[in-house]
Structures are given as structure tokens and as C-alpha cells.
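# Close look at the chain arrangement
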Amino acid sequence: MARTSPITTATDGGAGGPARPPAASDIADPGLALAGQPGIAWAGRSMPVLGMLKSAFAEQQPFAGLKVAACLHVTAETAVLVQTLTAGGAQVYLAASNPLSTQDDIAAALAAEPGVTVQARSGVDRARYYEHIHRVLDCGPDLVMDDGCDLVNTLHEERPELLRGVRGGCEATSSGAARLRRMAAAGSLRFPVVAADASATRRMIDHEYGTGQSVLDGILRATNTLIAGKTVVVAGFGPCGSGVAERARGLGAQVIVTEVDPVRALGAFMQGFRVLPMAAAAPLGELFITATGSVAVVGRAELAVLRDGAILANAGHFDVEIDVPVLDELARQVNPGVRPHADEYVLADGRRLILLAEGRVVNLVAAEGNPPAVMDTSFAIQALALAWLAAAGSAATAVHEVPAEIDAQVASMTLASLGTRIDTLTAAQQRYLESWRQGS
Ligand SMILES: NC(=O)c1ccc[n+]([C@@H]2O[C@H](COP(=O)([O-])OP(=O)(O)OC[C@H]3O[C@@H](n4cnc5c(N)ncnc54)[C@H](O)[C@@H]3O)[C@@H](O)[C@H]2O)c1
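As a starting point, this report considers the structure included with it.

Rules behind the numbers
Residues numbered from 1 in each chain as written. Predicted model: local features only at pLDDT ≥ 70, side-chain atom pairs only at ≥ 80, totals over all residues. Heavy atoms only, no water. Helix = DSSP H or I, 4+ residues; strand = E, 2+ residues; numbered from the N terminus. Expected span 1.5 Å × (residues − 1). Buried < 20%, exposed > 50% of the residue type's maximum accessible area, 1.4 Å probe, protein only. Phe/Tyr/Trp six-rings, centres within 6.5 Å; stacked < 30°, edge-to-face > 60°. Pairing = 2+ DSSP bridges. Salt bridge = Lys/Arg side-chain N within 4 Å of Asp/Glu carboxyl O. Near = heavy atom within 4 Å. Polar contact = N/O pair within 3.5 Å; in protein donor to acceptor, adjacent residues only side chain to side chain. Areas by Shrake-Rupley, 256 points an atom, 1.4 Å probe, with all protein chains shown as cover. Nonpolar A, V, L, I, M, F, W, Y, C, P; charged D, E, K, R; others polar. Contact = heavy atoms within 4.5 Å.

### A closer look at helix 15 (residues 372–392)
Taking 1.5 Å as the rise per residue, helix 15 with 21 residues should run 30 Å; its terminal C-alpha atoms sit 29 Å apart, in good agreement. Across the 21 residues of helix 15, 20 count as buried, placing the element largely inside the fold.

### Brief notes about the packing of aromatic side chains
Tallied over the entire structure, the rule returns three aromatic pairs. Relative to Y130, the ring of Y129 has its centre 5.0 Å away and its plane inclined at 85°; by these criteria the two rings are edge-to-face. For Y129, a relative accessible area of 8% corresponds to the buried category. A residue is classified by how much of its surface remains accessible, and Y130, at 22% relative accessible area, is partly exposed.

### Describing the sheet that holds strand 5 (residues 143–146)
Taken in spatial order, the eight strands line up as 1-4-3-2-5-6-7-16 in an open sheet, and their pairing is parallel. Two strands in the sheet have a free side with no partner beyond their single neighbour: strand 1 (26–27) and strand 16 (399–400). As judged from the four bridges shared by strand 5 and strand 6 (residues 168–171), these two strands associate in the parallel manner. For V144, the partnering residue across the bridge sits in strand 6 and is G169.

### Topic: the pattern of salt bridges
Where charged atoms from two side chains of opposite charge come close, those side chains can pair. In this structure the tally under the stated criterion is 17 salt bridges. The partner of R203 in a salt bridge is D197, and the shortest N-O contact between them spans 2.8 Å. Classification of R203 by relative accessible area gives partly exposed; the value is 25%. Residue classification places D197 among the buried residues on the basis of a relative accessible area of 3%.

### Regarding the site of the ligand
Near the ligand lie 25 residues; those nearest to it are T173, S175, R203, E259 and N363. S174 places a side-chain nitrogen or oxygen 3.3 Å from an oxygen atom of the ligand. Considering the ligand on its own, with 860 Å² of exposed area, one finds that the protein chains cover 85% of that surface. Of all the secondary structure elements, the ones that give two or more residues to the shell around the ligand are helix 7 (174–185), helix 8 (200–223) and helix 9 (239–250). When the residues that make up the shell around the ligand are grouped by side-chain class, the tally is seven nonpolar, 14 polar and four charged.

### Focus: the environment of I27
Take I27: it is sitting in strand 1. Given the relative accessible area of 9%, I27 is considered buried. For the pair I27 and R121, spaced 94 residues apart in sequence, the C-alpha to C-alpha distance is 5.2 Å. Each residue touching I27, except ones within four places of it in the same chain, is listed here: A107, A108, A111, V118, A120 and R121.

Here it is as C-alpha cells:
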């Protein structure tokens, strides 16, 4: 690795050549551009770390002449990230990483900015979703930013002629990083990728606190249900599940945790949660929240025993954790949109189950995702990781952890933005900690 301080780095020009001419923006309504601007400005006010990076990037131009193909949720916070990258000299080609989370006014506002094209319309089908990914890849990217690995996977599987020009990429989410690690293990990965998700700062701020809060926010907006006194089953006790479980408990729920990892399960137990297998939790729960990154966690067996009125919500990246095809099959009748983002499934035995956000990420579909203050930290890590890749040149083709220096740098900048100072080691403390001779 050449260096870990991208802010001080200058780069040469872009290497990738377009296989096809880059496409113009494909957005729902360019007339929404003005309507999108206040939302971006509002988010920017709570994103001081990206603001600091934007100034530094503007001065040092770490992305001068580079094309960045990005597949991210098209939200106001992402717009602030895109502006940070373009300030650093990047041309950004943005597609949506989830059609349901696209905010059409934000897409329009971004598409009107210099150096940005946007391929994103709310609610497009799967074919258009992948068409949009291809349209951003048409630029012949030097760098990629992904959230779920669909762009990187499409690049490897369907556009291999573009791989040679790619210096590296940055993946936002744990499910995407897991796919990348499987690609790397199979020898299929062709450029270095930083798994931004594995950063300690990010897992704490984004997953634990951000997702923990916004998932409950999405469920409350979709249902207006009372959480206090409810039996809430949280599947998966990673940082996301742990944050969700803690916040549900804070609102007065009786929380049951299901896990497959004994260490995580023990952690949940020691924090005072009831830990049960899903088969035992299924008949007890009134609200189910999946956050596992796995498939059919609420599947046929669970659906058969859920209580009448049970609410099903997914916080995991992909819409596979609640087995919606089986739910469709079991339903005698579906009443879509009993409330916004809430569909009622009436089963053959008369039970009514409520599925939120069609089984997709509930905090992004039914609410606004993580608050801007949370995305500030996450996106700062991704922006610095991308600058590090742009500068590193010699990074090995592998899935990299976020360099520790970037983690510490973003944590320090976030603390500074919060007006919080911390101690530094004295010279004597430093010597003591480095010595093996000195004991009591
Ligand atoms: N909604 C959001 O805004 C948001 C934000 C970040 C991450 N995510 C996604 O949320 C999911 C979880 O993220 P994380 O960082 O907590 O991941 P993680 O991998 O650290 O934790 C997932 C946990 O689920 C457990 N698990 C796996 N299969 C299970 C099963 N069948 N039953 C019970 N537990 C099971 C694992 O043992 C693990 O402890 C991922 O899909 C991630 O991409 C969503």
C-alpha cells in the first residue's frame, strides 16, 4: 500500500476507456431539480465531516480526471457524498442500489449538477435496474463505489472488457462485502476493494446507532404501532440487530433475539435479551425484524405458526430474509397498501400477517434511511477509502479492511465536529505501553 493519507495525495489522470459513450441521465422528472435542492442542503448541514473533506478535496483534487461509477441509494445524503467527490475532481456516474429508496427529486437535483449523471427512477423493475447499472458502467470507470455488490458483480460477469481500467472500489455494506470475499476466494475478483463496512467507526455509528434508530422509525411510520409491551423478535445480533434490539427495548418492548453464532448469542443473553431459536420465537412474536444477511430466516415453517396480526419487517440488505414468495403462495388474499408500505396477507386459516416494505430494507423504504449525521461518518470513510485507492496504485487485488488511519481520522473529525476533545498519551505513558520490561 503506497500511502494512507489520501487528503495529501495528487493523482495522475484516468485510465479506463469507455466501451460505449456514457449515457445521459435517466431520471423520473428533470423538473424536480429545484425541489430536491433544499433536501440536499438540509442533509449537508448535518454532515460536517464531509464538509471538511469537500474543502480538502477541492484544494488537493485527489480524483482529478477520474471517473467514478457508483451504485448507491439515491438519497440526499448520497448527494452530499457525490458533491464531495466532484469537488475533488471526479466525474460521477450514479445508479440506484435499490429502486424503492430512490428519491426522484434528489436524483433530478444531482443530475443538474456539473460532473454528475444519474440513472435512477423510483420503483423501476429489475430489468431497468440492471440497465441503469450498465449505463453507468458505460463510462469506463477508474473507480467504483458499490452498495450490495451488484455493480461490481455486473462489471465482472457482463463487462469484463472494462476491468483493466479499474483501479479499485469501495463497498458500503456487509452483505456486499461478503459477496466480494466469496468472489476473492473463488479467484474471480479483478481489482482491489475496500470493505468500508468493516470499519470499527462505521459499524458503531452506522449499524448500531443509525440502523438501530431508523429501522424503528420505518416500522413506526408504516404501522403507527405501539412498541411498548410488544414482543419483538430480532433475528441476527450483529451490529444492526443489536442496535435494533436495544432501541426496541428502549421503547418498552420485550425483545427476543435469534442467532446462529454462539458468541453473538451469548452477547445478547448477557445484555439481558431472551435468546431463542426462531422455531420457538415464531409463535410468540408480534413484530419480527430480520437483520441477518441470510435467506428465509422467516420461512415456510415460521409463517405457518405466526400469530394473527404479526408484523414482518426486514432490516437486512437484500429482500430475501422474509420468504415473500412463500407468503404469496400461502395467502388466500393480499390487501396491498393497508397503509403506505404495509401489505396485509390473509392466510387460508384466516390469520392476517402484515408485511412491511415488501420485505425490503424497511428503514430505507418506509423511512429515510440513516440520519445524515450517521451517513456523514460512513460516507467520509468511503470517500477517504476511494481517495486512498486512487492514490495507492499498488493495492493488491483483494478485499481490504479500511486502513486504521482512515478509521481514526474519521472518528477524530467526527469528535471535532461534535465539539468533543479527548486526551493523548503522555510520553511516559507511551514508553510504558511500548515496554515489556516495566510491570507493577
Ligand atoms: N438497513 C440498513 O440500513 C442496513 C445498514 C447496514 C447493514 N445492513 C444489512 O443488515 C444485515 C446485517 O448487518 P450486520 O452488520 O449486523 O451483519 P453481521 O453479519 O455482522 O450480523 C448478522 C448476524 O446475523 C446472524 N445470522 C445469520 N444467519 C442467521 C439466521 N438464519 N438466524 C439468526 N441469525 C443469523 C449472524 O450470525 C450474525 O451475527 C446485512 O444484510 C447488512 O448488509 C442494513
